[in-house]
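Topology and contacts: notes
Listed here are the chains, written in short residue letters.
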Amino acid sequence: MILRLCLPIVCAAAACSAADLTGNWVVAQPNNTDGVTRKQYFDLKQEGDRITGHIRVTQFYYTVKESSGGPDKFTITGSMMDGNSDRRVTYEISLVGDELHLSTRRNAKSAPTELVAHRAPAGEGAYPARLPLPAIHKVPDNGLAKTPPMGWNSWNKFAGRVDDAGVRAMADAMASNGMKAAGYVYINIDDTWEGERDSKGNITSNKKFPNMKALSDYVHSKGLKLGIYSSPGPNTCAGYEGSYGHEQQDAKTWAAWGIDYLKYDWCGARNLYTDDEMQALYQKMGDALRATGRPIVYSLCQYGRAKVWEWGPDVGGNLWRTTGDIRDTWDSMSNLGFVRQEGLAQWARPGHWNDPDMLEIGNGGMSDDEYRTHMSLWSMLAAPLLAGNDLGNMSPTILSILTNRDVIAIDQDAAGKEGSRAWHSGDQEVWLRSLADGGQAVAVFNRGAAAAKVPVKWADLGIKAPASGRDLWTGKTVTFTGPAEDVEVPSHGVVLWRLSK
Ligand code: GLA
């Protein structure tokens, strides 16, 4: 210790015998809003100008693979395997007094983030050991989500700003603005609610959520249900406490709080397990939820890796994400909805749904036509309808898109048969979905940048003309007598019909 404290002086006086960066360093960033101190650890070893060690940041755990520079300033690069991809992070580091100063950039274009680390006891923040995995078995079906779950989730709009008052406000809005009457029921708290574990290892909520039981009582008093979020890893995506090694304990806690829905997000688990081992980890929580005896919808979030649709139901999953995160842009939404669901329709069925991620409707990044496409496409896909906007503050148009009962009826159709693309030409697509009453939903999409006339030829779609039904966005009755119909569809828009048997 004395030697370390003297080092900078030695260096200045004796034309540099280099500073020694060896040690366990912590960057501790308290968050006044939630009361949780976020910690990043740099456990480093210096030999001459070579630096090795580990970096633990939020959900990530990197091994230092490259170092350069010296004797006073170094660049270190950490690397970790994330599925099949090599994820990297780079820091410029230097010793200033007995502080480690760090600078990093999100990407080449972004401004640097400057951090200061202090010495931490050896071993503090070390990544936990890998726990053995259970043998694979089938978790019995929980009988929930016979139609795709409908509700709201905090992440898309509020991310880390979600709190108790906000959740109550969303419940108030949903219960009174027509959404509850249209079928929306889950109020789901996403990441950043988590506090520390208590002395017995029980998970607690952070300052933003003073009393989870009281909050669930409130949400239930509105005739709604409450959802929560966690990870099979030691940390969640935002770096909060995950359920690793506490699966049963956490499930019990949530059940005692009155939780009705869990979104379980892979994130931190990627540092300990491979994609091939996901099923066992998700099964662990599936068993734990079942053991509580409380009906809890189980939502798997692992971005569609490891062909989750093949084993999602076996771990007790009611829905599984099929893609990475949605953003509030036409490109993101249309890529997830039109492209990334290809070939997955066969896996959806009552109780078990493909999840192309939550809705962005009303968040401001798309036009009303684009949001109508979003709602129509998700309904054709039998996707969960989890609104992701501020329910207390939306235009009548947005509310009417979210609560269009005819469109919701397509999504919630009892047969649970996911629709898919039946025809396409360039930017024009026609999708079909078979309905429980023997009818068909027909969605005519125009993904192009200009309005278009889309030729709908009934014979190509296997539909017998004449056909009649309803236009679900205008509410008008439609009757088609000829062999084909030219349909005007706005740019990025949709015409959606429900045709009778
Ligand atoms: C991941 C998920 C998102 C959200 C965030 C929260 O990115 O895919 O839906 O839950 O984590 O940190």
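This report concerns the structure included in the present document. (Residues numbered from 1 in each chain as written. Predicted model: local features only at pLDDT ≥ 70, side-chain atom pairs only at ≥ 80, totals over all residues. Heavy atoms only, no water.)

1. Description of the environment of Val-489
- Looking at the element boundaries, Val-489 is found in strand S25 (residues 484–489).
- Note: C-alpha distance between Val-489 and Val-454 (35 residues apart in sequence) is 7.0 Å. (Helix = DSSP H or I, 4+ residues; strand = E, 2+ residues; numbered from the N terminus.)

2. Considering the nonpolar core
- Counting 87 residues, the largest nonpolar core has Tyr-184, Ile-187, Trp-193, Trp-254, Met-375 and Trp-378 as the members making the most contacts within it.
- The greatest single-element share of this core, amounting to 6 residues, is contributed by helix H7 (residues 278–292).
- If you look at the next biggest cluster of nonpolar residues, it comprises 23 residues, including Ala-19, Phe-60, Tyr-62 and Leu-100. (Core = buried A, V, L, I, M, F, W, Y, C linked by side-chain atoms within 4.5 Å. Buried < 20%, exposed > 50% of the residue type's maximum accessible area, 1.4 Å probe, protein only.)

3. Section: the packing of aromatic side chains
- Enumeration according to the criterion identifies 18 aromatic pairs in this entry.
- Look at Tyr-282 and Trp-311: their rings are 6.2 Å apart centre to centre, the planes differ by 45 degrees, and that puts the pair in the tilted class. Taken as a pair, Tyr-282 in helix H7 and Trp-311 in helix H8 (residues 308–311) lie far apart in primary sequence, 29 residues in all.
- For Trp-311, a relative accessible area of 8% corresponds to the buried category.
- For the cation-ring pair, Arg-168 lies above Tyr-218, with the distance from its terminal atom to the ring centre recorded as 4.8 Å. (Phe/Tyr/Trp six-rings, centres within 6.5 Å; stacked < 30°, edge-to-face > 60°. Lys NZ or Arg CZ within 6 Å of the ring centre and 35° of its normal.)

4. Focus: the state of the cysteines
- Tallied over the full model, the rule gives 1 disulfide.
- The closest cysteine sulfur to the non-disulfide-bonded Cys-301 is located on Cys-237, 6.5 Å from its own sulfur.
- The buried category is assigned to Cys-301, whose relative accessible area is 1%. (Disulfide = S-S within 2.5 Å.)

5. Thoughts on unusual backbone geometry
- Gly-70 connects to Pro-71 through a cis peptide bond whose omega is 0 degrees.
- Position of Pro-71 among the secondary structure elements: in the loop between strand S4 (60–69) and strand S5 (73–82).
- A positive phi angle is found at Cys-267, which is not glycine, with a value near 25 degrees.
- Located in the positive-phi region is Lys-307, a residue other than glycine, with phi close to 45 degrees.
- Positionally, Lys-307 belongs in the loop between strand S15 (297–301) and H8.

6. Observations concerning the pairing of S4
- As judged from the 4 bridges shared by strand S3 (residues 50–57) and S4, these two strands associate in the antiparallel manner. Along S4, the bridge assignment pairs Val-57 with Phe-60.
- Judged from the 6 bridges that link them, S4 and S5 form a sheet pairing that is antiparallel. Within the sheet, the bridge partner assigned to Gly-69 lies in S5 and is Phe-74.
- Hairpin connection of S4 to S5: 3 residues between the antiparallel strands, including Gly-70 at a positive phi of 110 degrees. (Pairing = 2+ DSSP bridges.)

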